[in-house]
Every structure is written in C-alpha cells, then in structure tokens.
Amino acid sequence: MQHLAGKEPRVTAEPWRQQKKQSKHQQRVSAMGNCCESCNFFSQRKNTNVRVSLPAVCFVWQIAMIILFGVFIRYDEESSSRWPEFRRSHNITSDIENDFYFRYPSFQDVHVMIFVGFGFLMTFLKRYSFSGVGFNFLIAAFGLQWALLMQGWFHTLDLTTGKITIGIESLINADFCCAGSLIAYGALLGKVSPVQLLVVTLFGVTLFAVEEYIILSLLHCRDAGGSMVIHAFGGYYGLAISWVLYRPNLHQSKRLNGSVYHSDVFAMIGTLFLWMFWPSFNSAITDHGDGQHRAAINTYLALASSVLTAVAISSMSQKKGKLDMVHIQNATLAGGVAMGTAAEFMITPYGSLIVGFLSGIISTFGYLFVTPFLEKHLKLQDTCGIHNLHAVPGMLGGFTGAIVAAAATESVYSREGLINVFDFEGDFADRSVGTQGGFQAAGTCVAVAFGLVGGGIVGLILKLPIWGDPADDNCYDDEVYWEVPEDEESIPPVLEYNNHMVHKHQDISESNFSVDQS
Amino acid sequence: MQHLAGKEPRVTAEPWRQQKKQSKHQQRVSAMGNCCESCNFFSQRKNTNVRVSLPAVCFVWQIAMIILFGVFIRYDEESSSRWPEFRRSHNITSDIENDFYFRYPSFQDVHVMIFVGFGFLMTFLKRYSFSGVGFNFLIAAFGLQWALLMQGWFHTLDLTTGKITIGIESLINADFCCAGSLIAYGALLGKVSPVQLLVVTLFGVTLFAVEEYIILSLLHCRDAGGSMVIHAFGGYYGLAISWVLYRPNLHQSKRLNGSVYHSDVFAMIGTLFLWMFWPSFNSAITDHGDGQHRAAINTYLALASSVLTAVAISSMSQKKGKLDMVHIQNATLAGGVAMGTAAEFMITPYGSLIVGFLSGIISTFGYLFVTPFLEKHLKLQDTCGIHNLHAVPGMLGGFTGAIVAAAATESVYSREGLINVFDFEGDFADRSVGTQGGFQAAGTCVAVAFGLVGGGIVGLILKLPIWGDPADDNCYDDEVYWEVPEDEESIPPVLEYNNHMVHKHQDISESNFSVDQS
Amino acid sequence: MQHLAGKEPRVTAEPWRQQKKQSKHQQRVSAMGNCCESCNFFSQRKNTNVRVSLPAVCFVWQIAMIILFGVFIRYDEESSSRWPEFRRSHNITSDIENDFYFRYPSFQDVHVMIFVGFGFLMTFLKRYSFSGVGFNFLIAAFGLQWALLMQGWFHTLDLTTGKITIGIESLINADFCCAGSLIAYGALLGKVSPVQLLVVTLFGVTLFAVEEYIILSLLHCRDAGGSMVIHAFGGYYGLAISWVLYRPNLHQSKRLNGSVYHSDVFAMIGTLFLWMFWPSFNSAITDHGDGQHRAAINTYLALASSVLTAVAISSMSQKKGKLDMVHIQNATLAGGVAMGTAAEFMITPYGSLIVGFLSGIISTFGYLFVTPFLEKHLKLQDTCGIHNLHAVPGMLGGFTGAIVAAAATESVYSREGLINVFDFEGDFADRSVGTQGGFQAAGTCVAVAFGLVGGGIVGLILKLPIWGDPADDNCYDDEVYWEVPEDEESIPPVLEYNNHMVHKHQDISESNFSVDQS
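Structure report, in brief. Only a predicted model underlies this, so the values are computations on that prediction, with no experimental measurement involved.

1. Notes on unusual backbone geometry
With a phi angle near 75°, A:S414 is a residue other than glycine that sits in the positive phi range. Relative to the assigned elements, A:S414 resides in the loop between α16 (410-413) and α17 (415-422). For B:K379, which is not glycine, the phi torsion reads 55° and is therefore positive. The class for B:K379 is partly exposed, based on a relative accessible area of 42%.

2. A few points about the sheet that holds strand β1 (residues 73-75) of chain A
All names here are of chain A. Read across the open sheet, the three strands follow the order β1-β3-β2; overall the sheet is mixed. Either end of the sheet is taken by a strand with one partner, and the two such strands are β1 and β2 (157-158). Pairing geometry for β1 and strand β3 (residues 163-166), over three bridges, is parallel. From the neighbouring strand, I73 faces β3, where its bridge partner is I164. Contacting β1, β2 and β3, helix α3 (residues 53-72) runs over the sheet at an angle of about 55° to β1.

3. Overview of the state of the cysteines
According to the stated counting rule, one finds zero disulfides over all chains in the structure shown. In this structure B:C445 is not part of a disulfide, and its nearest cysteine sulfur, from B:C221, lies 10 Å away.

4. Quick look at the packing of helix α9 (residues 227-244) of chain C against helix α18 (residues 433-462) of chain C
All names here are of chain C. Direction vectors running N to C along α9 and α18 enclose 30°, while the axes themselves pass 7 Å from each other. Looking at the two axes, α9 sits roughly parallel to α18. For the pair α9 and α18, the sense of crossing is right-handed. Each residue belonging to the contact of α9 with α18 can be placed in one class, and the counts come to 15 nonpolar, eight polar and no charged.

5. Section: the side chain of B:Q381
Residue and element names in this part refer to chain B. Mapping Q381 onto the fold places it in the loop between α14 (349-377) and α15 (386-406). Here Q381 falls in the buried class, since its relative accessible area comes to 4%. Engagement of the side chain of Q381 in a polar contact is seen with the backbone oxygen of R247, the distance being 2.8 Å. Ignoring any residue separated from it by four or fewer positions in sequence, one finds Q381 in contact with A187, K191, S242, Y246, R247, L250 and E375.

6. Remarks on the sheet that holds strand β2 (residues 157-158) of chain B
All names here are of chain B. Taking strand neighbours across the sheet as the criterion, the three strands line up as β1-β3-β2 in an open arrangement whose pairing is mixed. Only two strands of the sheet have a single neighbouring strand rather than two, namely β1 (73-75) and β2. Two elements, β2 and strand β3 (residues 163-166), share two bridges in a ladder whose sense is antiparallel. Within β3, the residue paired with D158 across the bridge is K163. Packing against the sheet, helix α6 (residues 129-156) makes contact with β1, β2 and β3, and its axis sits at approximately 110° to β3.

7. Quick word on a nonpolar patch on the surface
Residue and element names in this part refer to chain A. Side chains of Y350, I354, L358 and I362 sit close together on the surface and give an oily, nonpolar patch of about 300 Å² of accessible area. Structurally, L358 is set in helix α14 (residues 349-377). When its relative accessible area of 42% is taken as the criterion, L358 is described as partly exposed.

8. Section: the nonpolar core
One finds A:F273, B:F273 and C:F273 to be the most contacted residues of the largest nonpolar core, which totals 411 residues. With residues near it in sequence (within four places) discarded, C:F273 still touches A:V112, A:V116, A:F273, B:F273, C:V112, C:M113 and C:V116.

9. Re the environment of B:D76
All names here are of chain B. Secondary-structure assignment places D76 in the loop between β1 and α4 (83-89). You can call D76 buried: its relative accessible area is 15%. Remark: the alpha-carbon pair of D76 and K376, spanning 300 residues in sequence, is separated by 52 Å. If we ignore the near neighbours within four places in the chain, the residues touching D76 are T165, I166 and G167. At a separation of 3.0 Å, a polar atom in the side chain of D76 contacts the main-chain amide nitrogen of S79.

10. Structural notes on the packing of aromatic side chains
Taken as a whole and assessed by the stated rule, the structure comprises 93 aromatic pairs over all chains. Arranged with centres 4.9 Å apart and planes meeting at 80°, the rings of A:Y101 and C:F102 form a pair that is edge-to-face. Within this pair, whereas A:Y101 is found in helix α5 (residues 99-121), its partner C:F102 is found in helix α5 (residues 99-121), the two belonging to separate chains. Taken as a pair, A:Y101 and C:F102 share a single burial class, namely buried. In this structure an aromatic cluster arises from ring pairing among A:F100, A:Y101, A:Y104, A:F107, C:F102 and C:Y300.

11. Observations concerning α5(C)
Residue and element names in this part refer to chain C. The first and last C-alpha atoms of α5 sit 31 Å apart over 23 residues, in line with the 33 Å expected at 1.5 Å per residue. Of all the bends in α5, the greatest, near 35°, is centred on M113. The buried count for α5 comes to 23 of 23 residues, which makes it a mostly enclosed element.

12. Observations regarding the pattern of salt bridges
A side chain of one charge can pair with a side chain of the opposite charge if their charged atoms are brought near each other. Residues and elements named next belong to chain A. Counted by the stated rule, this structure contains 33 salt bridges over all chains. Taking the shortest distance from any N to any O, the salt bridge between D423 and R222 comes out at 3.5 Å. Of this pair, D423 sits in the loop between α17 and α18 (433-462) while R222 is found in the loop between α8 (194-218) and α9 (227-244), placing the two residues 201 residues apart along the sequence. Under the relative-accessibility criterion, R222 is labelled buried at 14%.

Cut-offs and rules
- Residues numbered from 1 in each chain as written.
- Chains lettered and ligands numbered in written order.
- Predicted model: local features only at pLDDT ≥ 70, side-chain atom pairs only at ≥ 80, totals over all residues.
- Heavy atoms only, no water.
- Helix = DSSP H or I, 4+ residues; strand = E, 2+ residues; numbered from the N terminus.
- Buried < 20%, exposed > 50% of the residue type's maximum accessible area, 1.4 Å probe, protein only.
- Pairing = 2+ DSSP bridges.
- Contact = heavy atoms within 4.5 Å.
- Axes fitted to C-alpha atoms, helices over the stretch in contact; angles between N-to-C directions.
- Disulfide = S-S within 2.5 Å.
- Parallel < 35°, antiparallel > 145°, perpendicular 65-115°, else oblique.
- Left-handed = near helix turned anticlockwise from the far one by under 90°.
- Nonpolar A, V, L, I, M, F, W, Y, C, P; charged D, E, K, R; others polar.
- Polar contact = N/O pair within 3.5 Å; in protein donor to acceptor, adjacent residues only side chain to side chain.
- Patch = residues over 30% accessible without salt bridge, like charges linked within 9 Å, V, L, I, M, F, W, Y side chains within 5 Å.
- Areas by Shrake-Rupley, 256 points an atom, 1.4 Å probe, with all protein chains shown as cover.
- Salt bridge = Lys/Arg side-chain N within 4 Å of Asp/Glu carboxyl O.
- Core = buried A, V, L, I, M, F, W, Y, C linked by side-chain atoms within 4.5 Å.
- Phe/Tyr/Trp six-rings, centres within 6.5 Å; stacked < 30°, edge-to-face > 60°.
- Expected span 1.5 Å × (residues − 1).
- Bend = angle between axes of the 7 residues up to and from the residue.

Encoded structure:
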C-alpha cells in the first residue's frame, strides 16, 4: 500500500482483468501443479456442449405435445364458439358470468409471478442472470404444456369422448404445476444444464399431477394456494435432487456464487412481483365470490406481517444492524407460502398476521443458520435457499391449514359456508371438520414424501454423464450456455474503432491494450 | 494531463478504488486536519447502529397489530363465508356482483404502484437503490396494517359490535394511505434511518386518517384519486419534515447524490408502472360503472398530455435540447396527480388534456427552478423533488376539482348523475354545486395545513439523537444500513480462487492486488 | 502481450477511459488524417440540436390535440354520468355489465405491453437504453391522442352530432394503433432523432387508421390481435423507412451496436411482459364471453410453443450449443404475433401449438440468416430485427387467419357461433367462409402494401436535413439527445470530495487523476 502514500504505483489497477485473459491458460497449467489436480482433471472431461441434446429434446417434446394435444385437448363450453347456446340453455343471464371474467385478472397475476417473479428472483447471481431468467422461461413454457395434459388426464378427462376440455382455470393450474419445478430450480441454480432442467421439469410436472390427484381428489384436501402441493412438494423435490447431485468441490466456483449491486436490484423486481401478486396466487382458483375475496385479504395481511419480522431478524443478525438483501428478497415472501392452504378458510385477519409473523421469523432464521448447517453437515447445496422459502413454510402452511380446518365451526362459517368452503358434498358430505383436519395433515406428509422420493430418483437420473452439466469450477457462469456480451467497462472510444473495427464478440479490451503500449 | 499527450502514464487508472480502502483511515486522519474538522467530528459521534431499535420497533409494532386486529378487525359480508346467505337475502343474482370483481384488478394495479412504482422510482441514486426499494417495501408493509385500523375506526367501525369489517376496498384505501408516507420518503431519501422512516409512517398514516375523515366525511369532499388527501398532504408533510431536518453540510455527500446510467434505467421501471397504472389509481374507489370508467379515461388522457409538455420544457431548458432523465422520470406523472380529484367528474376529455398540459409544464419548471431555489433560499432539501411532483400538482388538482365541481350543471350530468357523482344524499341532499366547489377548495387547504403542521412536529421528533440517522458525509449510501456486495468490476479470475478461497464479503480486489505486485 | 508473461506492465489498465477524454479532440484531429476523413467531416456538419424543433412539435401538437378533442371527443354512454339512466332504459341489470369490467384488465395488460414491453425490449443496446425506453414513452403518449381522433373519425363518428364518443375499447384501440409506429421504431432504433420519431408516429397513426378502416370495415376482415393491421403493417412500414434512410457508413457506430450484460437483462423485462400479456393483447377487443376466453387460450399455447422452437434453433446455430439472447428476447414472441388474427377462431389448441412451432423456427432463422442478408444485399438496416419478429410472423398470421377462416364449418362453430365469430350480419350476412378466407388474405396484402408505400414516402420526408438526426459515427448513443450521468466506475471516495466538491456533471474521474499524480 506504499504507493498510496505518494510513491509511484507501478501496478495496474485492474489486475483481475489481465488475469482473466490468462486464466484459461493458467487453469490448465495449474491443473498440472499441486493444487486441485483431480478436480481440474475432472473439469477437462466435462462436456457442456448441448448443441445436439437441447434442440433434440425441444423438438421431440414440442412435436409430441402437438400430437397429444391433437388427440386429447379441446375447448370447454365457456371458451368454445358454442358458448352462446350453452349460456341460453343454462339460463346464464350475461356473458360476464363466463368464468373468464372471474379468473382472468388472477391468471395474469399468476402468470407474471411464474415468469417475472420466479425468473427475476433468480437473477441475483453476478454472472448467472441470463440463465436465471432465461432457463426459468424455457422450463415454464415447456412444463405448462405437459401440465395441461397431465392435470387434464387426472381431473377433466371425459371418459365418454376421451377428451380433455380446457378453460381459463386449466391455464392457472398449468402455471401452478410449473411452479413446483421452478421452485426445484432454485436449489439447483448454477449447477445444472438446461437439458437437466427439462428432465427435472418433465418428472416434476408428472409427480405434481399424481400427488395433486392424491391430495385433492382422493384425500379431498383443500389447498387453494398450494402450500402442500406446490411449495412443500416443490421444495423437497428440489432439495432431494440437489442432495443427490452434491458437488464436494463446488467451492471452486465460489467467486461467482454471490451478487453484485445491480443484480440484487434486478432480483428485487422478482421479489416485489411475487409479493404483490401472491394474493392473486392464493385466490386464483378458490370459490367464486367470498372465497376469492377472503383468500386475497388473508394473503395480503400475512405478507405484510412477514416483511416486518424478516426485517427484524435480518437486522438483529448483523453487527450494526445492517440488513441483508438475501433475507429481504426471500423471507419477506414466506407469509404468502404459509397462507397457501388456509387463505380461503375463515382464519381471521389477525390469524393471518400471526401466520406471517411466524413464517417471516422461521424463514430468516433458516437463511442464517439452517442453510449453512445443511451445506456443511448434510451435504446439501441450496443456491436460493428454497428450504427456507418454500419447503419449511410450505409444510408450516399445510399444518396451519389442518389446524384451521379442524377448528372450523358452524357458528363462524354458517352451515352453508362450511359446506362451501370445505366442499362437504357427495362422498364427503358427512366428513367432520376434525377428520378434514387430519386429512389435511396427511396431505402435507404425502406432498413431502413425493418430493423427497421423487427428487431422489430424478437426482440419480441426472447423475448420468450425458446431460452436459458444468464442471465444479464452472458453475454459476452464464458463459457455459450463453453467448455473453462484453462487460460494460469495455465500451471503447470512438477512435479505436475507426482503426480496427473490432468485431462484436471479440475481446475488445485486449485490442485496446496493444494500442496503448505502442 | 501530460500523460494523455503521449507520455507514459505512471498512475493507476482507478485511483478511487485504492483510496476507498484507505478512506476509513484517512477520514479519521483528515478529521484531525484543517478541513471540515467539525463535521467529521460530528460524524464520528453519529451512531447509525440500528441493531436494537429497528428489530424492537418491528416486533413491538407487529405484536401490537396482531392484538388490535384480534380485537377490532373482521371480514365484511362480501369476504365472509356467510356471503352466499347475504347474496340470497339481498337478491344479488350472481357472485360476479361481489365487490371483489369490481375492484380487484384496480387494487392490484394500485399495489404495483405502491411497491414497484414508488419503490423503483427511488432507485435512481447511484448507491442508494437498496434503500430506495427496500425501505419503501418496509414502510408500506408497516403502514398498511395501521391504515386498516385507523381508517376502520374513522369510517367503518360498527358501534354496536365494536368491530371494523374489511373488504377489497379497505385494502385499496390502506394502500392509498401508505402512499402519503411514501411520498414524504421521497423528500427524505438518503438522509434518514429506517427507524426514522417508521416513525414518519406511523404519524403519517395517523394524520392521513384524520385529515381524510375531515375532508371526505365532515366537509363531504370528493377526492377519488387523492389529489388533496394523498398528494398535497403527503407532499407538504415530507417537505415540512425535510425542512426541519435541514443539513447544512449535506454537500459532503454530494458525490453520491446523483444517478449512474443503469440506476436511471431502473428508475424508469418505477416511472412507467406509475404512469401506466395511474388510471387504476384514480378510478379504484370511484362509483361502480360510469365512475370507474370515466376516471380511467380522464387520467389516461391527462397523463399522455403531461408527457409531451414535460419533454418540451426539458428539451428547451438545456443547451442543444438534450433531455434530462429527472424530468422524464417525474414530471411526466404530474398529469395523474393533478387529475386525482376531478377524474370522476365530467371534466370532458379535452379538459383532461388541459390539466395534463399545465401540470407537465409546472412540474418541469419546478425541477428546473423551484427545487434549486428552495434548497438555496429556504433551506429545504428535497431529494426526489416531491414539491414538483406531488405537493404542487396535488394542490393544483384540488383546486381543479373545486372549479370543475362548481361548474357542474344538470344538463351535462343529468339530475341523477349529479346526485351520484357528488353524493348529494342524506345531510348533503340540498348542497349546491357552488357550495361543493367551495368545500373542495377548503379541503385542499386542510390537506396542505395538515401536511405542514404535522410534518413540522414529526420533524422535531426526528431531531432527537436516538434514531440512528447517517452523518452528513454518509448520506445517500446503502453501506450504512445494508450489507452491500462488491462492485461488478471485482469479479476475479478463476486462478485467484483456487489459491485463496476469499470469503464472500471480504475485499476481493485487495487480495488480487497483492498477487499482482509480486 | 509481454507484460502478461511477467514483465512489469507500465500501462494503465483502462486505456479506453483515458481515450474517452481525448476522443473529442482526437476525433477532430483524425478527421484531418487519412482515416475516414469524409465521414468525420460529414459528422461535423450534422446538427443534432433539437432544442427548437422538439419543444415546438410537442407544444403545437398538444395544443392542436386540445382543440380537436374539444371539438370532437365526448364520453360514450358507458363512461358518462348518464350511464344509470342508460342502464335502466336498456334493461341492464347490473353495473358489472358496463364494458369497463369486460375490458379494463385486458386494457391495462396492453398498456403495460406498449410502455414497458416495447420500451424495455429496446433497452438492449449498451448505451441507448434511455432513448429506447424514453422515446418509446414519448411517441406512444403522442400517438395515442391522434389515434383516438383518427380511429374515431373512421369508426365512431356520429354524423348527426359530429361527435366521437370514447370508452374503454377506444383506449385499447388507441394503444394498438401506436403499436404500429413503435414496431417501426424498432427498425430505426439508434439512427433517428426524436423529432423524426414524432413524424414517423404522426404518419404511422394516420396510415394505420386508413388501412384498418379498409381491412376491417370495407373488406370486413376479422383481426382481433392485429397480425395484419398492426404487425404486418408496422413491420413493413418500419422496414421501408429504414431502407430509404440507409446509412452506408453505419459501421462507424458499430462499437455501440451491441449489448452489455445488464442491458440484456433489462431487455428481458420487456420480453417477458410482452410474452405474458400477449394473451390479453389478442383477446382485448374480441367478443365478450367465449371470444375473449378462446383468444387468450390460443395465444397462451402458441407462445409456449414458440419458446421451445426458438431455443432449439438458437442452440443449434452456435458452436457448443450456446443460446443467443437476441433470439430469446425476440423469437420467443413470434407465436403471439402469428396468432393475432386466428386467436379468436376455433383454431383448436393443437393448431395454436403448430402456429407457435412454425413461427418460432421462422423467426429465429430470420435473425440468423435473413437480417444479415438484408443488410448486406438489400441495404436494409434493421436494428431490432422487426422483419423477423413482426413483418414475417404478422404476414404469416394473416394468411393463417385466412386459412382457418376458410376452413370453418358449422359443425365445429355451430350456426350461431359462426355468425358471432365472423360477424356475418347486415351486409355480410350471406358471405361464405371461403369468401371470408379470401378477403382475409386480401387484407394481409393491403396491410403490407400500406406499410411499404407509406414507409417509402415517410422515409423520403425524413431525409430532409432539418430533423436533427445523428451522424453515422454517433448512432446508438444516448449522449446525443440525453444528459447522461457518469458511468458507475467513477463513484469516487469520500476523501476526494471533502477537498474538491466536484460538481454533478463534471468529469469526476479526471479530478481523481490529478490527485493521484501528485
């Protein structure tokens, strides 16, 4: 540091930039040396070329989807041109009673959560923003088509015609179904190839449809916002995969496993769109009328509450009370996850605040203590901390739902309200609220079990050395799967270009260098 | 500048980065020197540690909210499970007539304005984006709970049961109520601690509920989009606080009081979401049917008009006609503020254009001349220029509303329309439009007075030396209250890490340095 | 490269920064030299000062709008205070049947697409983000007012009163009308002045209203999402202008014609909001009930499908299968464009997938091969590649619509459905589906012709040397029309400022330099 005291500095101020240029060469050299020999050797074997596999999967898949859609999927009565006849024959007075007008605004909010919310939340890494938002985009577009089929076969297949009919509610459910796999992506962020993500999504959507069928149809649970079927399942699914794919030498990519200033601001776009639209998420497929209305209010309150406790714990945990962006970006959302099941129940406004209060605390504690513990002792690498944002709050939400269901009374709900809210009709007309509570709790366990077992199996599949995943010292880096433009600093001056006309993707700063030395 | 003329440069190109490392030490040294001794001395006394106060306020507050919600707040008829009974008993034909479907899309748009709009508008500073969007998030989540209680006590408290019932309209009003405090944050941006902001919000929401009760209930004014109750109040509230908290040595933080290229682009996200959703803001709580419809149209037109005049004045004000991002980010919104009161009236489409035309001009002139004047001569530091975007256009909007109300005629509105729009029912059945205009003008004055007096008092409270606010040379800096990641340039090469495994928050570039010097 | 091999580097690491400071001077010097003399000479002649022209156009235009709105534009029955009377007289049972509630959520989604979607999609250039999002904002706000008038004169002018009445559908149509000109902006991005853009918009909106009248009213085509009237027209309009304005020396600005890391992430905000809300775009003005419902479903499916094929082709086209952000940002949207006409028809869900499948492939191929070909051989510079995203998929969508219309049968649509969907009423009651298909194809040709001819003429107007467009070596640069803040790296340390108090827009790093040399 002498040179700062007045002496002539002889070093360049940006040594890393020069090293960057050498790094490829030195990497190979160092692999011959004593440090990390085996891992570098391993990394040389890794082939991240997806030029055959990625297009092949996309094309085969999309063509399969077209065929299956051709065989199975049709418009339902409310989206078909026969709607005017249907309306008249069912004495529906106005077009406004088409389900479209009940659910389309919520659908669009959910859609924003899936693509912008989840996508931008995952842009927080300094050099993995393209993959964060881009692969999220790819796998959601891939998964939602399969979800329409899988959920259709389980829920709306007409056995007489062999057709599935779809409407706006199907689209919401398809988006929900993708959410499970996108949550799993959070644990795997930076460590897998896009082809692996498509495999995760293919199995994730399939498993989702099965566990959803068991929980909602067989166990007759209520789970409007998916604390169980989406968050607990998706969370443990991702964690199990990540556990199987444990990388002991991941520290070699540590330099890139962190944020920079502006990537954290990008991630706040994701956080806020998730936070704002979570009331729509939890109310999107609840009952018309009071069901949607109440679910939105409860979620709104729980989210507000978890912001305050997340901030409080974050501030307490640091010297001088400084806040950590990781907590603000994630733990503030825990209230929405934990209200997924109970949002449509008469949990009362203050009950919602309590749920948000607790989940904000638990989630922030998870980021502070549980994630480091899991990584160190359970060999579980969880890039986005989905354990704290989805797995645990989802499970908490499932059990909250069980308790609130078991505590329901006719005096609070009214007789008709009780039947409406818990759908005590048909085969389930005689079910008591206590029994319902028990089934709700059982449903939560089913979701967790499906996540863990399914994730374990999928993890093993992903260990096959054919998927093009990155080497341990190459994780969290967009350069592996994307054409990445130059950094901002390398915008060169006018003069330079009049001489050289350097090409777009060439290393621009290098050419500047030589000019300067002359 | 010799080295630029061809000589060999011997200096490093990024001196500031090296200095950054010394700066803490040198800051203390320079405090012993001759320059700025007193202020640095003062800055050493400043304690920005909020590790006790911030969590304490959050926890105490959130627990108080849970208790008060438990005592007071219940679902209303439309969000309770008793809705099907209510519907039948009131001959409501369909669930679609639940107020949820009239207002939920507007609610979500308002919600986006509060959290993304206001939040991202305040990310424009080069190193205060975390606080801009993060504290906005915190105080809105904090304020909206208190707003539900305060507004409930004043407007929907059922005296027989002692309960407040809430529905979707309550949530919109709670968001509106927070907006007043968020506007005030705009004047204080960069100069206060999060604890101070919570105090600003606590009093801001309380004052808001009182002035709103006086203006809307006692004076029976109409103010759908809150030109008076939100913008004029919030603007003068923030200005009064800022005036009391005047910092004569704020120039010491001048280096950070400005934008960088990408922070200006982030701020445009805020601007555009505010601009696009302002029609929803002004129409969210107006009458069903024509009220919402007309308010949206009028606001849409006024906003378009103010974009053109803001651009025109911005271009005129600079040599070569270059545009200034400050004007584009802010003055383009003035039309929405100024239409807050009159949007639901029959102001006519061209009347809306005129309002936007004038407010765009006035607001841009404010940024060019009034803010510098206020800072120099009135000792009023207004970081975001809320004087020009909220205070003055809000007041203008209040008086516009008064004039339009006074000019209302039965031939334009129809008899029934006049009663509907101005709510001339009950005690106010005999009020003339002229009287209404007078009361509207009086309401504007009440809002301004509440802002100025309330802000003055709150400012004095904030002067207590217990709130952890930053020193004068430490303003506009996220590092005071946030764990800030390294800058983008310090992404180091692969090699480095294999040797050192530098920790996440360690000064990375420093270690690079030592390697390079060898 | 010697210094990288261990020798002491004596150069500064950021030579371009120093050169930047010299560049103005050297630019002039080099103009005297042998390199690029003529173009630099030419650049000195170019006057980019818009201080008179831009404000003049804005003011004159806005005042003209106020006068014309005063003469022509009034509220319609559903947005006027006479709505309660109208409702009663027309036996409308509830306020919820006001068109506002059918269309407002879609309107807001379209609004977001116009301002955030188009705006942020154009922020991808490294130093043109201000202009991308800012000029998009300006010309949309400018154009929508003129669109309300033009479309009103053609479609809703009441000849007895001489008035145009507007409601929520008018606002959607005005936004649509602007979209044509915003598409054209995509081809011109970086090469024109804001005044030129206002001229483009003025003529663009005018031409749009005429071709729309011919296609929708005279030819009685259906084109809900505007494949023909918006995308094919707008695309060819922009391409024709760009062809006329061909700049042979544009390579002089090549250094700025590319993205940096974070500008690509900003552009993804635009992409995603366009992608997510495209179902609202295509369903915004379709028939109440099944029309809106079906259009949303079809568009949702087509978009999902085009994501997969765009990714597949993008990956196939690069060594190692790396994805290119240009394709992900643009070609993924082609499915939405191509479904613009057929979305409201009974195209079937698998039909939608096929449309998305093909358009994703065609669009990505366009970016890979057609745009470079056009630039090289047809002298057509298309900054954003609107040829591949709008022109071709729009034309494809028009012909798809023609085929789907011609293939319509009563057995699929039902008799009533067929009349509803194709509006076979009044003068067109006897039109067969085959004839309709022919007219749809003819409509597509009309749109393309209007774009090409209109664009050619407007291009000639823009060649007049009075509009303040930038020189060839000054394109893609915000500095020409904006006050641009310093780069991020120049945030200086605390110490510096206590001594110097450098002013906001001064070159900060320069002052650091001198300190360091001492």
